[in-house]
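If you want the building blocks of each chain, they are given just below.
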Amino acid sequence: MIDIKNISTHCTRSEFVGKAVLDTIGLVISGIDDTLLKEMNIGTKYHCLGLFSSRTGAAGQLTALDDAVKATNTEVLSIELPRDTKGWGGHGNYIVLGGTDVSDVRHAISMALELTNKNAGEVYISESGHLEFAYSASAGQVLNKAFGVPMGEAFGFMAGSPAAIGLVMADTAMKSASLSIAKYMTPDKGTSHSNEVILAVAGDASAAKTAVLNARQIGLELLIAMAAIETRGTIFIKKILTFASGIHIIINGKFKKQIFGIIGNGTSFWMVMNNTNL
């Protein structure tokens, strides 16, 4: 029997590229088995594959991959959003890239991991639900494939759980700026039955950013209201910020720096991933 205690946490396998926040891993297969490749239903053009997958979130990671693919000689082959978020109401992600040169594919995955750590979108998770937001000034092939955003147009993304919060955010976003809907997703439409409403919008950069910011504002207010009910009237996220040094949530205005942290008192918690894009 294998003794897992003897397996190092510093993986030296050639397939391993690295890891990032939100339980994200990046891998490369330099020459995929032909029979398996046919079963994957991603075409047989590329035998060198880059694999990128997270337990939590998708839009921030997809935005990171979008920039990575733009900068390398690679192509996105498939995008899946599994039911996950480690038991919460949302999704994770599983993306496959292809390329003819293993160094290009490895570089794309490495770059995407780095960008995910730096700019992984905004994810807020509490016991009541979660919110996720992302923005890109210019969509490339990954965002086009994932959400149908026209290449070169700005991209805005919002997801809210429970799903009712997501719909209110989507409505607020569409009323706040002139944008087109690239993709609308619900628990029974376009997701793996996750408890979310997701909206991806396309259009002018300023309008897309305004829409996401307004959606974020109302989404946080609604999710915090749910947390206040759970903690018998105390808005828990505000309470714990008094002793959580270095973590700042700015509801009105822009975030000034990228922060990652888990804050809580042992009975409830919020996980906050702040983004410099917005």
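For the structure itself, look to the data block above.
Note that the structure is a prediction, hence the values are computed from the model and not measured.

Rules of the game
- Residue indices follow the written sequence of each chain, beginning from 1 at its first position.
- Note on the predicted model: pLDDT of at least 70 is required for a residue's local features to be given, and 80 or more for side-chain atom pairs to be given and counted; whole-chain, interface and lining totals, by contrast, use all residues.
- Excluded from the side-chain calculations are hydrogens and water; all other atoms, namely the structure's heavy atoms, are used.
- Think of it this way: a Phe, Tyr or Trp ring, Trp meaning its six-membered ring, pairs with another when their centres are within 6.5 Å, and the plane angle makes it stacked under 30 degrees, edge-to-face over 60, tilted otherwise.
- Note on classification: 1.4 Å probe, protein chains only; a residue is buried when its accessible area is under 20% of the maximum for its type, exposed when over 50%, partly exposed between these limits.
- Helical segments are the DSSP runs of H or I of at least four residues, strand segments are the runs of E of at least two, and each set is numbered from the N terminus.
- Note on pairing: DSSP must find at least two bridges between two strands before they are called paired.
- Throughout this description, the term nonpolar core refers to a set of buried Ala, Val, Leu, Ile, Met, Phe, Trp, Tyr and Cys residues connected via side-chain atoms within 4.5 Å.
- Grouping into patches uses exposed residues only, defined as over 30% relative accessible area, and leaves out salt-bridged ones; the cut-off is 9 Å for like charges and 5 Å for nonpolar side chains (Val, Leu, Ile, Met, Phe, Trp, Tyr).
- All accessibility values rest on the Shrake-Rupley procedure with a 1.4 Å probe; residue burial counts only the protein chains present in the view.
- Take a side-chain nitrogen of Lys or Arg and a carboxyl oxygen of Asp or Glu: if they are within 4 Å of each other, that pair is a salt bridge.

A. Quick look at the packing of aromatic side chains. One pass over the full model with this rule turns up four aromatic pairs. Judged by centre distance (6.4 Å) and plane angle (70°), the ring pair of Tyr-124 and Phe-133 falls under edge-to-face. The residues Tyr-124 and Phe-133 share a single accessibility class, namely buried. Aromatic ring contacts, followed pair by pair, group Phe-147, Phe-155 and Phe-157 into a single cluster.

B. Looking closely at the pairing of strand 10 (residues 197-203). Most of strand 10 sits out of view: six of its seven residues are buried. One ladder, built from seven bridges, connects strand 8 (residues 154-161) with strand 10; its direction is antiparallel. Within strand 10, the residue paired with Phe-157 across the bridge is Ala-200. Where strand 9 (residues 180-185) lies against strand 10, five bridges are found, and the strand directions are antiparallel. In the strand pairing of strand 10, Tyr-184 is matched with Leu-199.

C. Local environment of the pairing of strand 7 (residues 130-136). Within strand 7, seven of the seven residues are buried, which leaves it mostly tucked inside the rest of the structure. The side-chain alternation of strand 7 yields two buried faces, one formed by His-130, Glu-132, Ala-134 and Ser-136 and the other by Leu-131, Phe-133 and Tyr-135. As judged from the four bridges shared by strand 6 (residues 122-125) and strand 7, these two strands associate in the antiparallel manner. Among the inter-strand pairings, Ile-125 is bridged to a residue of strand 7, identified as His-130.

D. Seen up close, the nonpolar core. If you look at the biggest cluster of nonpolar residues, it comprises 33 residues, and the most contacted ones within it are Leu-62, Leu-97, Phe-147, Phe-155 and Phe-157. Every element with two or more residues in this core is listed here: strand 3 (48-54), helix 2 (59-70), strand 5 (93-99), helix 3 (102-118), helix 4 (141-147), strand 8 and strand 10. With 21 residues, the next largest nonpolar core counts Tyr-124, Leu-131, Ala-208 and Ala-215 among its residues.

E. Examining a nonpolar patch on the surface more closely. Nonpolar side chains collect at one region of the surface, where Ile-2, Ile-4 and Ile-7 lie side by side and expose about 350 Å² of accessible area between them. Topologically, Ile-7 is positioned in the segment before strand 1 (16-20).

F. Here's a closer look at the pattern of salt bridges. Taken as a whole, this structure holds four salt bridges when the rule is applied. Measuring nitrogen to oxygen at the nearest pair gives 3.8 Å for the salt bridge that ties Lys-45 to Glu-75. Of this pair, Lys-45 sits in the loop between helix 1 (34-40) and strand 3 while Glu-75 sits in strand 4 (residues 75-80), placing them 30 residues apart in sequence. We classify Glu-75 as partly exposed; its relative accessible area is 29%. A salt bridge links Lys-70 to Asp-67; the shortest N-O distance between them is 3.6 Å. Separated by three residues within a single helix, Lys-70 and Asp-67 lie in helix 2, roughly one turn from each other. Given a relative accessible area of 43%, Lys-70 falls into the partly exposed group. Using a relative accessible area of 31% as the deciding quantity, one classes Asp-67 as partly exposed. Linked by salt bridges that have partners in common, Asp-66, Asp-67 and Lys-70 make up one network.

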